[in-house]
Amino acid sequence: YMDLASIVLTIAFFAALYLFFTFTRLGIQFRGTAENPLLASQRGVNVNFVLALAWVIAILAATLSGVLYGGRAFLSPESVTIGLAGLTAALVGGLDSLRGAVLGAFIVALAQYLTVRLIDPVLSEALPFLILLVVMSVRPWGLFGTVEELDRV
């Protein structure tokens, strides 16, 4: 039941984030601040509040994932591997894209699962970094990340 609850709560959390960022005024302010903080502040958006709330949402997501994972497994030194796989999943998808983070997590998890089942369980620990290396070689900003423009001074 805990695995099913984890899946349902994760889907509900990402759906709530999607609805928040797409249909609420504050969500639009979030997207505007992420795109261009200077322009957003000139349009009356409280950028400091948006950034503080972004940290609150990130902490909430980390807490939810810790509770869901900790509720069904004991923490061990291998927990670092799980955290690093999560970071690589976010980097693969693109740090500024919710859709990319979900797709990156799916790609990394599926690759690890298939590697454990078909090849060698030990190799599955290094696989997220190999995927990250390949993606960063082709698209340094991730699969769905925004191309950053360099501003020269």
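What you see as residue numbers is a count from 1 along each chain, following the sequence as written. Thresholds applied to this predicted model are a pLDDT of at least 70 for local features of residues and 80 or more for the giving and counting of side-chain atom pairs; totals over whole chains, interfaces and linings are not thresholded and use all residues. Water and hydrogen atoms play no part in the side-chain values, which are based on all heavy atoms of the structure.

1. A word on the overall build of the protein
The cut-off we apply is this: Numbering of helices and strands runs from the N terminus; a helix is a DSSP stretch of H or I covering at least four residues, while a strand is a stretch of E covering at least two. Using a 1.4 Å probe on the protein chains alone, a residue whose accessible area is under 20% of its type maximum counts as buried, one over 50% counts as exposed, and one in between counts as partly exposed. Every residue pair with non-hydrogen atoms within 4.5 Å of one another is taken to be in contact. Note that accessible areas follow from Shrake-Rupley with a 1.4 Å probe, and for residues the cover is restricted to the protein chains shown.
Secondary structure assignment for the protein yields 7 helices and 0 strands. The helix and strand sequence of the protein, counted from the amino end, reads α-α-α-α-α-α-α. Taken across its 153 residues, the protein has 22% of its residues classed as buried. Put simply, of all contacts in the protein between residues at least 6 apart along the chain, 51% involve residues at least 24 apart. For the protein, the accessible surface area stands at approximately 11,100 Å², while carbon and sulfur atoms represent 70% of it.

2. Observations concerning the environment of Ser41
Within the secondary structure, Ser41 is located in helix 3 (residues 37-42). Assessed through its relative accessible area of 36%, Ser41 is described here as partly exposed. The sequence separation of Ser41 and Gln29 amounts to 12 residues, and the corresponding C-alpha distance is 9.7 Å.

3. Considerations on the packing of helix 6 (residues 98-118) against helix 7 (residues 127-138)
For the record, the criterion: Between N-to-C directions, angles span 0 to 180 degrees; the directions come from axes that are lines fitted to C-alpha atoms, helices contributing only their stretch in contact. Geometric relationships in this document are graded by angle, where less than 35 degrees denotes roughly parallel, more than 145 denotes roughly antiparallel, 65 to 115 denotes roughly perpendicular, and other angles denote oblique. Handedness of each helix crossing follows the sense of rotation of the near helix against the far helix: counterclockwise by less than a right angle gives left-handed, clockwise gives right-handed.
Closest axis-to-axis distance for the helix 6/helix 7 pair is 9 Å, and the angle between their directions is 130°. Compared by their axis directions, helix 6 and helix 7 come out oblique. Seen along the crossing, helix 6 lies across helix 7 with a hand that is right-handed. Together, Ile107, Val108, Ala111, Gln112 and Thr115 of helix 6 and Leu127, Pro128 and Ile131 of helix 7 make up the contact between the two elements.

4. Notes on the packing of helix 1 (residues 2-23) against helix 2 (residues 25-35)
Keep this limit in mind: Basically, the charged four are Asp, Glu, Lys and Arg, the nonpolar ten are Ala, Val, Leu, Ile, Met, Phe, Trp, Tyr, Cys and Pro, and anything else, Gly included, counts as polar.
At a closest axis distance of 5 Å, the pairing of helix 1 and helix 2 adopts a crossing angle of 80°. In terms of orientation, helix 1 lies roughly perpendicular with respect to helix 2. Of the residues in helix 2, those touching helix 1 at Phe20, Phe21, Thr22 and Phe23 are Arg25, Leu26, Gly27, Ile28, Phe30 and Arg31. Grouping the constituent residues of the contact of helix 1 with helix 2 by class yields 6 nonpolar, 2 polar and 2 charged.

5. Focus: the packing of aromatic side chains
Rules: We call Phe, Tyr and Trp rings a pair once their centres come within 6.5 Å, taking the six-membered ring for Trp, and we label the pair stacked below 30 degrees between planes, edge-to-face above 60, and tilted otherwise.
Evaluation of the coordinates by the stated rule reveals 4 aromatic pairs. Centroid distance Phe20 to Phe30: 5.5 Å. Interplanar angle 75°. Geometry classified as edge-to-face. Of the two residues, Phe20 sits in helix 1 while Phe30 sits in helix 2, which places them 10 residues apart along the sequence. Across the pair, exposure class does not vary: Phe20 and Phe30 are buried alike. Pairwise contacts between aromatic rings join Phe20, Phe21 and Phe30 into one cluster.

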